[in-house]
Amino acid sequence: MTDNGGRVTKDGIRIYQQSDFAGMHAAGKLAAEILDEVAALVVPGVTTGELDKFIEDYVNTAGAVSATIGYKGYKHASCISVNHVVCHGIPGSNIPQSKHEKKPRKSGILQDGDILNIDVTVIVDGWFGDTSRMYIVGKQKKYAERLIQVTHDALMKGIEAVKPGNTFGDIGHAIQSYVESNRMSVVRDFCGHGLGRVFHAPPNVLHYGRAGTGPVLEEGMFFTIEPMVNLGRPETKVLKDDWTAVTRDKSLSAQFEHSIGVTADGYEIFTLSPAGKFYPTWGG
């Protein structure tokens, strides 16, 4: 990779230098390692607050900084989104009532059959590592397993579209076409984002769109791809806490996220699981 001096494109997207990839790999590795280690704690009866406490302690022990604590007033080291929560679920809060429950579960207690996304962002030496993945609590129903599989595979298809000369529309199109071919829907209200030495930056990385549209990918771009996929319709709503986003029809939702760097001939994933536990069955 050539040293490009960290310029900014006409679309406001920063182009990082070759030496910057090492910093992103270090931050991404810690974030992924945390999600590896928390997996053993995701069992019936544990609370989302307990999971978040483990994550916060892990970040502190590693000498890193949580990017989410204090971000726009947020107080936690993770977002934990259960069942039909699309994203930004608050650890320790009541789990919103699902289609099959008579009332919300207080204190975020997980039970057999739940699915959840845990999203972590850490800062290591000024670099941001951002990743999320799905977890299964106990025995899971086939339709939930299929949702998780399709979401995982949609992320990977989006990543496979990353190379110089392609566009961000190519990424969105790859994800959308795959999801909809499986009779599921892509959330439109939230998207991936640029990152590096900042948490959120241009571009907005949409998980839907037309091939050949949007900014052109260039070597040295850093961003997340993080599709949210619903079993039902794509519409969402944000609850009164101003954070928790849920599906309007209360259908199950799943999400996977990697942080990516564009290389001369493709991409590097900064947030690969050190233990090969990115997918809930530990398939990689």
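Just so it is clear, the model here is predicted, and its values are computed rather than measured. Sequence order as written defines the numbering, with residues in each chain counted from 1. The model is predicted, so local features are restricted to residues of pLDDT at least 70 and side-chain atom pairs to those at 80 or more, both for listing and for counting; the totals for chains, interfaces and linings are taken over all residues. Calculated side-chain values reflect all of the structure's heavy atoms, with hydrogen atoms and water omitted.

*Asks:* What exactly am I supposed to notice about the sheet that holds strand 12 (residues 245–247) here?
*Replies:* The strands making up a sheet associate through backbone hydrogen bonding, with each pair oriented either parallel or antiparallel. In this analysis, strands are considered paired if DSSP registers two or more bridges between them. Working definition: helices are DSSP H or I runs of at least four residues, strands are E runs of at least two. Numbering for both runs from the N terminus. Taken in spatial order, the 3 strands of this open sheet run 3-12-11, and their pairing is antiparallel. Two strands bound the open sheet, and with one partner strand each, they are strand 3 (85–87) and strand 11 (236–238). Strand after strand, the sheet turns through a mean of 40° between neighbouring axes, direction not considered. Direction of pairing for strand 11 relative to strand 12: antiparallel, over a ladder of 3 bridges. Looking at strand 12, one finds that Thr236 is bridged to Thr247. Lines fitted to C-alpha atoms define the axes here, with helix axes fitted over just the stretch in contact, and angles between the N-to-C directions of these axes take values from 0 to 180 degrees.

*Asks:* I keep staring at the packing of aromatic side chains and nothing clicks. Help me out?
*Replies:* Any two aromatic rings considered together are summarised by their centre-to-centre distance and by the angle between their planes. To pair, rings of Phe, Tyr and Trp, with the six-membered ring standing in for Trp, must have centres within 6.5 Å; the planes then decide the type, stacked if under 30 degrees apart, edge-to-face if over 60, and tilted in the middle. As enumerated under the stated definition, the model contains 12 aromatic pairs in all. Here Phe21 and Phe270 contribute two aromatic rings whose centre-to-centre distance is 5.7 Å and whose plane-to-plane angle is 70°, an arrangement assigned as edge-to-face. Here the residue Phe21 occupies a position in helix 1 (residues 20–38), and Phe270 occupies one in the segment after strand 15 (267–269), the gap between them amounting to 249 residues. With respect to burial, Phe21 and Phe270 carry one shared label: buried. Pairwise contacts between aromatic rings join Tyr16, Phe21, Trp127, Phe222 and Phe270 into one cluster. Whether a charge lies above a ring is judged from NZ of Lys or CZ of Arg, which has to be within 6 Å of the ring centre and within 35 degrees of the ring normal. Note that Arg188 overlies the ring of Tyr208, its terminal NZ or CZ placed 5.0 Å from the centroid. Relative accessibility under 20% of the residue-type maximum defines a buried residue, over 50% an exposed one, and the middle range a partly exposed one, all with a 1.4 Å probe and only protein chains included.

*Asks:* Help me out: how do you make sense of unusual backbone geometry in this one?
*Replies:* Most peptide bonds take the trans configuration, and most residues that are not glycine carry a negative phi. For the peptide bond that leads from Pro202 to Pro203, omega is 10°, which places it in the cis range. Here Pro203 shows up in strand 8 (residues 201–205). Positive phi, normally seen in glycine, also occurs at Lys72, with a value near 50°. By the secondary structure assignment, Lys72 is in the loop between strand 1 (65–66) and strand 2 (79–82). For Ser107, which is not a glycine, the phi torsion comes out positive at approximately 65°. The residue Ser107 is located in the loop between strand 3 and strand 4 (115–124) in this model. By relative accessible area, which is 42% here, Ser107 ends up partly exposed.

By themselves, these are just geometric observations and shouldn't be taken as functional.
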